[in-house]
Every structure is written in C-alpha cells, then in structure tokens.
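Observations on the model geometry
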Amino acid sequence: MSGSKPDILWSPHHPDRYVICDSELGLYRIGPVGSAETKAGTLPLSEETAATLLAINSDTPYMKCVAWYPKHEPECLLAVGQANGRVVLTSLGQNHNSTCKELVGKEFVPKHARQCNTLAWNPVDSNLLAAGLDKHRADFSVLIWDISSKFSPEASVTAEKIRLSSVDLDSSSVVTKPLYELGQNDACLSLCWLLRDPKLLLAGMHRNLAIFDLRNTSQKTFVNTKAIQGVTVDPHFHDRVASFFEGQVAIWDLRKFEKPVLTLTEQPKPLTKVAWCPTRTGLLATLTRDSNIIRLYDMQHTPTPIGDETEPTIIERSVQPCESQIGSFAWHPSSQNRMVVVSAANRVMTDFTVFERISLAWSSTTSLMWACGRHLYDCVEDGGEGAESAIEKDIATKMRQRAQSRYGHDTVQVWRNHLLAGGNDPQLKSLWSDLFYILQCAEDMELKLQGNKQSVVYSGIKNIVKTSSGTTESRRCWSGSDRQTDVPRYLSEERFLALRLCGWIGRGPDIDVEIFLRSLEQEREWERAAAVALFNLDIRRAIQILNKGASAAKGDLNLNVVAMALSGYTDEKSSLWREMCSSLRMQLKNPYLCVMFAFLTSEPGAYDGVLYESSVAVRDRVAFACMFLSDAQLPRYIDKLTNEMKEAGNLEGILLTGLTKDGVDLMESYVDRTGDVQTASFCMLKGSPGDVLKDPRVQCWIENYRNLLDAWRFWHKRAEFDIHRGKLDPSSKPLAQVFVSCNFCGKSISYSCSVMPHQGRGFSQYGVSGSPTKSKVTSCPGCRKPLPRCALCLMNMGTPVSNCPGTGKSDEKMDLTRENKLAQFNNWFTWCHNCRHGGHAGHMLSWFRDHTECPVSACTCKCMQLDTTGNLVPSDSS
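Residues numbered from 1 in each chain as written. Predicted model: local features only at pLDDT ≥ 70, side-chain atom pairs only at ≥ 80, totals over all residues. Heavy atoms only, no water.

1. Brief notes about unusual backbone geometry
One non-glycine residue, Arg 524, adopts positive backbone phi at about 60 degrees. Arg 524 sits in the partly exposed class, given a relative accessible area of 41%. Even without being a glycine, Ala 858 presents a positive backbone phi close to 70 degrees. For Ala 858, the position within the fold is in the segment after helix H28 (841–850). For Ala 858, a relative accessible area of 83% gives the class exposed. (Buried < 20%, exposed > 50% of the residue type's maximum accessible area, 1.4 Å probe, protein only. Helix = DSSP H or I, 4+ residues; strand = E, 2+ residues; numbered from the N terminus.)

2. What about the sheet that holds strand S25 (residues 294–300)?
Strand order in the open sheet formed by four strands is S23-S24-S25-S26, with antiparallel pairing between adjacent strands. Edge strands, defined here as strands with exactly one partner in the open sheet, are strand S23 (271–276) and strand S26 (313–319). Neighbouring strand axes in the sheet, compared pairwise and without regard to direction, differ in orientation by 20 degrees on average. Note that S23 and strand S24 (residues 283–288) share five bridges and pair antiparallel. (Pairing = 2+ DSSP bridges. Axes fitted to C-alpha atoms, helices over the stretch in contact; angles between N-to-C directions.)

3. Here we look at the state of the cysteines
Per the counting criterion, the structure on display carries zero disulfides. Cys 192 takes part in no disulfide bond, and the closest cysteine sulfur, belonging to Cys 188, lies 9.9 Å away. On the accessibility criterion, Cys 192 (10% relative accessible area) is buried. (Disulfide = S-S within 2.5 Å.)

4. With respect to the nonpolar core
When a protein is soluble and globular, its nonpolar side chains tend to lie buried together. Trp 504, Phe 599 and Met 667 are the most contacted members of the largest nonpolar core, which has 106 residues in total. It is helix H6 (residues 426–443) that provides the largest number of residues to this core, a total of nine residues. (Core = buried A, V, L, I, M, F, W, Y, C linked by side-chain atoms within 4.5 Å.)

5. A few points about helix H13 (residues 539–551)
Its 13 residues place the ends of H13 19 Å apart at the C-alpha level, agreeing with the 18 Å of an ideal helix rising 1.5 Å per residue. Burial in H13 covers these residues: Ile 539, Arg 541, Ala 542, Ile 543, Ile 545, Leu 546, Gly 549 and Ala 550. The secondary structure elements touched by the buried residues of H13 are helix H11 (514–522), helix H12 (526–535), helix H14 (558–567) and helix H16 (591–600). (Expected span 1.5 Å × (residues − 1). Contact = heavy atoms within 4.5 Å.)

6. What about the environment of Tyr 407?
For Tyr 407, the position within the fold is in the loop between helix H4 (395–404) and helix H5 (417–420). Here the alpha-carbon distance between Tyr 407 and Leu 419, two residues 12 residues apart in the chain, equals 8.5 Å. If we skip the residues at most four places from it in the chain, Tyr 407 touches Arg 402, Asn 417, Leu 420, Ala 421, Leu 428, Trp 432, Gln 678, Thr 679 and Phe 682.

7. A word on the pairing of strand S15 (residues 188–193)
Burial of S15 is extensive: five of the six residues sit out of reach of the surface. In terms of strand pairing, S15 meets strand S16 (residues 200–205) through five bridges, oriented antiparallel. The partner of Cys 192 across the bridge, within S16, is Leu 202. Two successive antiparallel strands, S15 and S16, enclose a turn made up of six residues.

8. A short note on the pattern of salt bridges
Using the criterion set out here, one finds 39 salt bridges in the structure. In this structure, Asp 665 and Arg 697 form a salt bridge, with 2.7 Å as the shortest nitrogen-oxygen distance. With a gap of 32 residues between them, Asp 665 in helix H21 (residues 661–674) and Arg 697 in helix H24 (residues 696–711) connect regions that are remote in the sequence. Asp 722 is paired through a salt bridge with Arg 706; the nearest N and O atoms lie 2.7 Å apart. Here Asp 722 is found in helix H25 (residues 715–728), whereas its partner Arg 706 is found in helix H24, with 16 residues between them in sequence. Looking at Asp 722, the relative accessible area reads 22%, which means it is partly exposed. Several salt bridges share partner residues, and in doing so they unite Glu 703, Arg 706, Asp 710, Arg 718, Asp 722 and Arg 725 into one network. (Salt bridge = Lys/Arg side-chain N within 4 Å of Asp/Glu carboxyl O.)

9. Some points on the environment of Asn 117
Tracing the backbone shows Asn 117 in strand S10 (residues 116–121). Classification of Asn 117 as buried rests on a relative accessible area of 18%. Expressed as a C-alpha distance, the spacing of Asn 117 and Leu 189, which sit 72 residues apart in the sequence, is 5.7 Å. Filtering out sequence-adjacent residues up to four positions away, Asn 117 remains in contact with Cys 65, Gly 132, Leu 133, Asp 134, Cys 188 and Leu 189. Among the polar contacts made by the side chain of Asn 117, one reaches the side chain of Asp 134 at a distance of 2.7 Å. Within the structure, the side chain of Asn 117 is placed 3.0 Å from the backbone oxygen of Cys 188, a separation counted as a polar contact. (Polar contact = N/O pair within 3.5 Å; in protein donor to acceptor, adjacent residues only side chain to side chain.)

10. Comments concerning the packing of H24 against H25
For the pair H24 and H25, the least separation of the axes is 7 Å and the interaxial angle reads 155 degrees. Comparing their axes, H25 and H24 come out roughly antiparallel. The two elements H24 and H25 cross, and the hand of that crossing is left-handed. Of the residues in H25, those touching H24 at Gln 699, Ile 702, Glu 703, Tyr 705, Arg 706, Leu 709 and Asp 710 are Trp 715, Lys 717, Arg 718, Phe 721, Asp 722 and Arg 725. A per-class count over the contact of H24 with H25 returns five nonpolar, one polar and seven charged. (Parallel < 35°, antiparallel > 145°, perpendicular 65-115°, else oblique. Left-handed = near helix turned anticlockwise from the far one by under 90°. Nonpolar A, V, L, I, M, F, W, Y, C, P; charged D, E, K, R; others polar.)

11. Section: the packing of aromatic side chains
Enumeration according to the criterion identifies 24 aromatic pairs in this entry. The structure contains a cluster of three or more aromatic residues connected by ring pairs, namely Trp 504, Phe 516, Phe 535, Phe 599, Tyr 607, Phe 624 and Phe 628. In this arrangement the basic side chain of Lys 273 is found over the ring face of Phe 329, its NZ or CZ atom lying 5.2 Å from the centre. One cation-aromatic arrangement involves Lys 785 over Phe 744; the distance from NZ or CZ to the ring centre is 4.5 Å. (Phe/Tyr/Trp six-rings, centres within 6.5 Å; stacked < 30°, edge-to-face > 60°. Lys NZ or Arg CZ within 6 Å of the ring centre and 35° of its normal.)

Written out as structure tokens, the structure reads:
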C-alpha cells in the first residue's frame, strides 16, 4: 500500500490482535493500560487501552490489498495483493507449523501483470482465495486460487518459467494456474463471498455487480450499477449487501437484485470504506476521504420478504473518534460497538467504542424503561415507602384510580363524585358541592318560571351580586343572649340565591340554616357548625354545638372552654372580655374558632378578621359577606376574592366564577398547577352555556383525557365518557363517518336498515320471512341484490348467527326493548381491508382465536395481525 492510506485488519481468532497495513505489515496486541502485556514502548489508544507492537513484515513491497486467513491454523497467515497482480502468502511472527512453512512465500501469478485490487478468503472452504484484478483484454479479472495446489511443469508454460526465473524464485512455490477464472475482459474493483452459500461470489465489476456460481461458471447474475466499490455482506442478514460509488451508498437485497432497496444520503466527499458492524444488527459505518468523523446508519427494520414495498427506517448519526483525519477503521469482531481507527498520517491509532442510542419508554402507568445495546433496563425507585407514596401522589396515578371508580359519572348525587375520588381532597369536595348546588338551583322549578334566572345560576356569585337590586337592611337581635344588641344584616333575592349556592339554606323565603347545621354535626365539624350558628346570631345554638362536640366520642374538651368564653359575650367596647378575646383569639388553632371571636369583637361593617381568614372555606366567607356587607362593599370583596382564586387555581373559586369564561380561566390555572385534566373535563361538561364548551382550552382538556383513557387501555371507560359527554353536550356527537354500502348500487345498507319498520310486513318485501322481532336483512334494501356471504357459515350477511351468544329466547325477549338495534355484535358485518374477505363478527373472532390466516381457501392474508390493536385486551374489561 505504498503511497496510499493505511488499513486495519482484526485477527479472526485473537480478539486482542490486529494488523496495520501500509508500506509494511505491523502486528499489534491491544491490552489494558498498565498490564504486564503492555510494556514501556506501548502506544496509548485510549484512557483504558494501549497497543504493543509484536512484529513487522517488510518483505512484501507494493502492497495494494491484504486478507487474513480465516481459520485457526495456520494463524497469522496473510494474503497480500501486489501492484503487479501477484498474490503472496506471508506470515507475522514465529510459527513452526509445517503447514504454515509450506504456505508462507507461496505466490499466485496471473498470466498478464496488472494491479490486484481486492482479496477475499472463502469463509468455509479456506483453501480458496479470490483475487480481483484490473482489466486486460485477453485475460480474466476474477481469479480463484487454490492455495493447496502445486505447480506442475507443462510445455505451454515455458515462457512463464523464464519470466519467473528473473526474480530468482523457487518454481515450486509459484502457482500460475487458477482454479477458476471469471469476468473476462472486465475489471474487478471489489468482491466478497456470500455467507448464505460458499459457492457464490459477489464481485463489483467495471459497470455492474455480478454474482458468480462456482458450480456453473459460464453463467452469472448481474445488475448494472455504478455502486461497485467496497461490496460487503451484512453478517446478521446474509441477503443484505452494501456497496458504494463516490459519495453514495447503495443497500441491496440479493432476493430482489434488480435495484437497490435503499440509497443512503449522498456525502459531499468520496467514500473510502464501508463496513457492517459484526456485533450489532443493521449498523453500517462509512468513512469519507479527508474526514475525521465516521457516519453511522442504523437500519431499524426487519428484513421483509419479496414483494413487500416497506421503506426501512434509517437513523443517521456521526461519531468523531479522534481529532486528526482518519485513514481507515475496523470494527472489533466480538466487543460490542468497538472499533480501532488509524489516522491518515504517522499511524496514530485510537480505540473507540460507539455509545448506543438510548431508547426511552415511559408507559402510561408510570413504568420507566430504556434500552441500550442488548440490555433492557427497568427503572425502580429506591426509598421504599417514600417512593411508593411519591407515585401515589402523582396526578396520573390518581386520575387512573378515579377513572376505575367511575369518578365524575354520578349525575344524580353530583356531590358524591368527590367520594369516588377518594374523599380526601377538600378542593374537590368543595367543587362537587358547588356543582351540586348549581345544578339543584338550575333545576328548581321556581327558578325556571322566572325566565333567564337559570342561566344566572351558572354565571357564579360574582355576577349574581352585581345584579343585586332591592337590597334591604334589617336589624336583628342576638338569640340566646341577654344583650339585645341589634346587628345590621342585608337581604335581597340575589343574596338569597347566593346563600343557596353556598349551601347554607334550602328552598323557601326564610333563612333557615338548621338543616345545614345538622349536616355539619353529622360530619363532626363542630367548630364550623358553631361558627355558622353564631353568624346567624344564634349564640345559644353555637354554645350547644360546642358542648355537644366536647362530649362526643374523641371530642375536644377545649370546646367547653370556648363555649364558656362565648357565654360571657358583651357588646361593651371597653370591657375586659372584648380586650382578652381580641388579644388571645389568634392563639386558637382552629380557624373557625378564631373567626367566631373576630366576629364578636368587630365593629359593624368592618369584618376583615372573618373575610380574610384564608383557612376558612370560601363558601362560608362568601355567605358571611352576603349577610353582613353592604351593596357597596360586597362586589368589591367578591371581585378581589375571585381574582385570588383565579391566580391560585383554587377550585373553591368556581362558586364565584361559575361555569363561565372566568371559570375556564380559573380551571386553566388549576390544570397548569396540577395537570388534572380529568376534573377539568367533567366540571366544564356540567356547564349550561354552550360557549364555554366551545372554548379551545376546554376541548383540549377533554381530548387529552380521552387520549389518556385510550393510553391506559380503558376503552370501555372512554366510551362511557363519550356517551356522558354526548348527553351533556349534544354538539359533540360525531356524525356517521363509516357505513356499509352495497357493492352494486353504492347505497348505505346500515342507513336503510335503521329506517326500516320493525313489525308487520316491513321485511317481507325484502325476501325475509319469520318472526318480525328477529330481523333479517340478507339483501340490499336499495337494489335488492344479495349481500355478501360469511366466509365461515356461507350464509348471507344479515342472517342472525345461530351458534353465538345472544340468540336464545331470553335474549330475544330482551331485544324487544331495543328498538334501534337490529342485531347483536356477533351479527355485525366485518371484513379485512387488505384481502376483502369477512363475515359475521362473532364467527371471525372465533376463527382468529385459533388461526392467524384468513379462513378463505388459498388466501394467506393474516388479517387480524394487520391491526396493531387486534390482539390487545382492554385493561378495564371484567
């Protein structure tokens, strides 16, 4: 290889040895840095490895190509192709094997001298050595030598003896008669033996790729192409071959040899080498001239049979093993993705491992896995209970569990949906209670009779109080107290509605909170019940509730102390009671106990201690404001509280915003903070105004939730959600997009069937007799041509399936109530979109449980496998 760039050859049997070929042959051994094998004069290849020079061979000048003998014995036997066309067998190192001594120095000489371009040992019959030569008009360019043959003198080769004697060689070591001669009057630039058949040789000739069969050398299979250089067979797929021309690589399938199955992206500079990775399926490395990078092509597909026009997926990437220009590279035969590269100048070598791409997969059930090389890793969090609690807190896990419990589907007792969500989230409890009261008020006949009041209910308390008119101020004395102080309160129809939405009062003209108080007592919310009673100026009832809470099982005895403090209430501003309550109320841990004393010690109209206590439920603060704030104060306070709720994404604010645009803004903040598209979807579907459901944000939440259900394989749940959505939003029902049409007239069979009468003589005119309740439509209602036959039972489609569930007497009686259903699912039409064969759905499902191919004779279509979801089972199926 004088004057050319160096090349590298790995030993076929020694994973730690390789040869560098340029003007001479150098044998190196690679090992870890600092090991006994690596001596002081070693060459560093990487941070972990170094190379030691074992032997040098300078006896073969004018090298053009080198090939390493593939068998164990003799080891280190190399074939060297020279510029004059001779092939010389040489060796590196000391080898006392008699076979090796006989072979080393042997020469194979063509009739006419010309350059030898390529060499290839037969991987099975290792005595065969193929040599590719330049063109000569009177000679062959592909010569296959038998290295075990001996020269026998003949009269016809006298001149050849004279020519050989000029170089002073022993005639017994020279062979001039090849075993096979191929490719007459042509040039061979590259060749390789096909791994699938040791008798087949693939050669890159001058203008074509040719496959020669040694069993019949007079014939060859060829294809015209310019990509004739560097032919190499994929070691993992023996029918796949790569070759190149200038900057373009062609990938061939020998079973379909007419044209390349793939042409890789053309490089700006000419290519010098391509090589398949021996340890990685479908990984091809390419090197261009004067470059310091190696480009990799990862072919991510399974080889397809003849006739399948599937385009393989190619992932292209580049690696830079070193800074200097690369002269050549060679994959390690056994270490995965490892190669050694040598620079174009001064033999600087680098040991480099191509790091595998990491394919990450995160399942919808929070399982994380990734693949790297031949290894598959499953991510398992350490930390025991802490890791499990983190997964349980994840919103995706929560939504999945809630979907399984049918969260959001309770449309009668809407407030119960928070129990389906676990019952431990106060915001969800508040949200579903708000929606329950909103829907209850909207359904109230009294509101429906008052015109547009129903839509006002959905607009939220913020808009309700703005429309407040006719507010009256009343003064009411304390109930149960000796002090007959008047406390100003404000009443109006809108304030009554707001109190109903807060859940404090029920139907009726009067403010009666006794039912609400009893419900709080049942839920053991003693402090909240006492505060509500106090806000309604019933101090005796508040004291009674506190005493009851202290005496209840696991009750707080400190409630008795609070009740005692309440009983000493006085309205004198300078009293010791007011002074002590004002200073000590902030030390109370329960916010409701704190606001009770704040209310008692506040001046009329100045209730900031109650209104701005963030730990108190929004509904209770709003109800308090509706009772004790004037028309001037109330809207300002509601607006301020609404803005706080919207910014925080607090679901309690839905009471204020209603199911309006403000409500969508609030829900958007909540979704941004939590990712809970499930609650957002169900909440917005409860709204009455159509413009809210048309909001693109709402549609985005709904579609994302539907996609989540599909990803979890909750297909039944997703179908239930679609039905639920269709009832609440009729505009979301999709139009019919697919229907069964007649082959003859093209009219829809399913539509015609759906409008046909179900009793009397409706079916008799279509040639169907029998019970009118057992409907059969075996011909097109439009043109009366017969429908196709089932591939299994050979009955016309439309005939009820007799051996599938759903045709018994009990089922027939049950079908009488299903006015719009002609047949069970087992009777539905079904067919393969590939081969067009089909039949009754029940028969097809039964057939493909035990078979993979189509039931029609001579049809090899694997119908069910064409559908990627055909073999999946819903996760929510019972």
